[in-house]
Amino acid sequence: TIEAVGAREILDSRGNPTVEVEVLLDDGTHARAAVPSGASTGAFEASERRDGDAGRYLGKGVEDAVEAVIEEIGPALAGFDAHEQRLVDAALIDLDATPNKSRLGANAILGASLAVAKAAASAADLPLFRYLGGPNAHVLPVPMMNIVNGGAHADTGVAIQEFMIAPIGAPSFREALRWGAETYHALKSVLKSRGLATGLGDEGGFAPDLPSNKDALDLIAAAVDKAGFSLGSDIALALDVAATEFHTEGGYDFEGEKRTAEWMTTYYEGLVAEYPLVSIEDPLSEDDWEGWAHITSTLGARVQLVGDDLFVTNPERLQRGIDAGAGNALLVKVNQIGTLTETLDAVDLAHRNGFRTMMSHRSGETEDTTIADLAVAVGSGQIKTGAPARSERVAKYNQLLRIEEELDDAGRYAGPSAFPRAAR
Ligand code: PGA
Ligand code: ZN
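Just so it is clear, the structure is predicted and the values come from calculations on it, not from any experiment.

**Digging into the coordination of the zinc ion (ligand 2)**
The zinc ion (ligand 2) binds to the protein through Asp 240 (OD), Glu 281 (OE) and Asp 308 (OD); the donor distances cover 2.1 Å. In the primary structure, the donors to the zinc ion (ligand 2) are separated according to the pattern D-x40-E-x26-D. Of the two residues, Asp 240 sits in strand S8 (residues 236-240) while Glu 281 sits in strand S12 (residues 277-281), which places them 41 residues apart along the sequence. Residue classification places Asp 240 among the buried positions, given a relative accessible area of 1%. The class of Glu 281 is buried, set by a relative accessible area of 0%.

Here you go:
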């Protein structure tokens, strides 16, 4: 039984405030959860509550959200059985009573929702992945490591936001992580040898200024080779274009030109023909349902097309995508929707309709590792949580190492089967 819920303002990986929630059960069990925050946020995400007081943290303080946890959420949840996650989350949604969780704040609500789940797992003496996923949870996800950062995560002219490596050929998660880290280090020396900057972006990837987006893929291909791996069969590539960020009235502002959705689609077809890409996220903008349906019918059999800003982990928007044939995979970000229950509902809806799922961090992160457990719990087979560097990113990868160890012989690394056959 939930006895008390507390909260505090802490810092995220960008030095911005975020909410941390603590839940205490009557048996003495205690758990905490911290909430992440995006930079390239979708317009349809649940509403993150910020104080707007310019005198503190440039207006980004979360004291009001913290107070909402202490004053309203705590009293409302007291007495609930922590194992009744659906009832707890329904109570949070009712208490907020807005469609986008703007009254209490999605950051206040999510912190409470996740902390309750962690407390319940702990009270049941189960690891979180086992508590949430049941006895059959056993698939370790392919780590989609973002090693070149562009877009809103870097101060360069590179429009595509994320260039990821996916070590699909590794025999285990542990080896996949090693392959990724070795490629990351090889990339640093490739950049150095070409006189390019080795500073990092928000997700720990390098952020060199490059003449074209394809240059990033070529540099990564060189790094994979230098690290001794084979491009495609050992290590495949993936993108998060985050196209909403450079979509304006007249089209897509891409490499100095205004482009149509059709032009962008042809561009991606060219990339898929030239590079071993298994996944492209947000190739088009969050409003472009028609363009999404078209690219899915032309490219969807060859590559995974992931909706992030398009679906915002929202079952209603995902249903629209399923009906329209827009996209074939769901990016899963707990703070886009704001409760664990709704996140699990979105994943369920995706899987029941043949959509794949990729568990995801945000560009603003904390040391909280809930998404690592969640990826194994739902068997999504894919997780993206940044470069294999910087503690807020590797905290999740390190947690997956622990889960793999715990699963022992029962664990299975997702490998190439995480992606459409024709993409491998
Ligand atoms: P964000 O970026 O957390 O800044 O939204 C991650 C993504 O777009 O996938
Ligand atoms: Zn994205």
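**Regarding the UniProt feature "domain: Enolase C-terminal TIM barrel" (unreviewed entry) in the protein chain**
Residues given the UniProt feature "domain: Enolase C-terminal TIM barrel" (unreviewed entry) here are residues 137-421. Overall, residues 137-421 shows 40% helix and 18% strand. The separation of its end C-alpha atoms is 23 Å.

**Digging into the site of ligand 1**
Surrounding ligand 1, one finds 15 residues, the nearest of these being Ala 39, His 153, Arg 362, Ser 363 and Lys 384. Interatomic distance of 2.9 Å between a side-chain N/O atom of Gln 161 and an oxygen atom of ligand 1. In the environment of ligand 1, an oxygen atom lies 2.6 Å from a nitrogen or oxygen atom belonging to the side chain of Ser 363. Residues of the shell around ligand 1, tallied by class, amount to two nonpolar, five polar and eight charged.

**A closer look at helix H8 (residues 289-299)**
Listing the buried residues of H8 in full gives Trp 289, Gly 291, Trp 292, Ile 295, Thr 296 and Leu 299. Projected down its long axis, H8 shows its buried positions confined to an angular sector of 155°, all on one face. Set apart from the buried face of H8 by more than 90 degrees, the exposed residues are Glu 290 and Ser 297. Where H8 is buried, its residues meet helix H7 (261-274), strand S13 (304-307) and helix H9 (315-324).

**Comments concerning the pattern of salt bridges**
According to the stated counting rule, one finds 26 salt bridges in the structure shown. One salt bridge in this structure joins Glu 20 and Arg 8, with 2.7 Å as the shortest N-O distance. In this pair, Glu 20 sits in strand S2 (residues 17-25) while Arg 8 sits in strand S1 (residues 2-11), placing the two residues twelve residues apart along the sequence. By relative accessible area, which is 36% here, Arg 8 ends up partly exposed.

**Points about the packing of aromatic side chains**
Tallied over the full model, the rule gives ten aromatic pairs. Look at Phe 246 and Tyr 252: their rings are 6.2 Å apart centre to centre, the planes differ by 70°, and that puts the pair in the edge-to-face class. Given the relative accessible area of 1%, Tyr 252 is considered buried. Between Tyr 267 and Tyr 268, the aromatic rings sit 5.8 Å apart at their centres with planes inclined by 65°, giving edge-to-face as the arrangement. Using a relative accessible area of 13% as the deciding quantity, one classes Tyr 267 as buried.

About the cut-offs
- Residues numbered from 1 in each chain as written.
- Chains lettered and ligands numbered in written order.
- Predicted model: local features only at pLDDT ≥ 70, side-chain atom pairs only at ≥ 80, totals over all residues.
- Heavy atoms only, no water.
- Donors = N, O, S within 2.8 Å, 3.2 Å for Na, K, Ca; no water.
- Helix = DSSP H or I, 4+ residues; strand = E, 2+ residues; numbered from the N terminus.
- Buried < 20%, exposed > 50% of the residue type's maximum accessible area, 1.4 Å probe, protein only.
- UniProt positions renumbered as here; feature names shortened; annotations may be inferred.
- Near = heavy atom within 4 Å.
- Polar contact = N/O pair within 3.5 Å; in protein donor to acceptor, adjacent residues only side chain to side chain.
- Nonpolar A, V, L, I, M, F, W, Y, C, P; charged D, E, K, R; others polar.
- Arc of directions from axis to C-beta.
- Contact = heavy atoms within 4.5 Å.
- Salt bridge = Lys/Arg side-chain N within 4 Å of Asp/Glu carboxyl O.
- Phe/Tyr/Trp six-rings, centres within 6.5 Å; stacked < 30°, edge-to-face > 60°.

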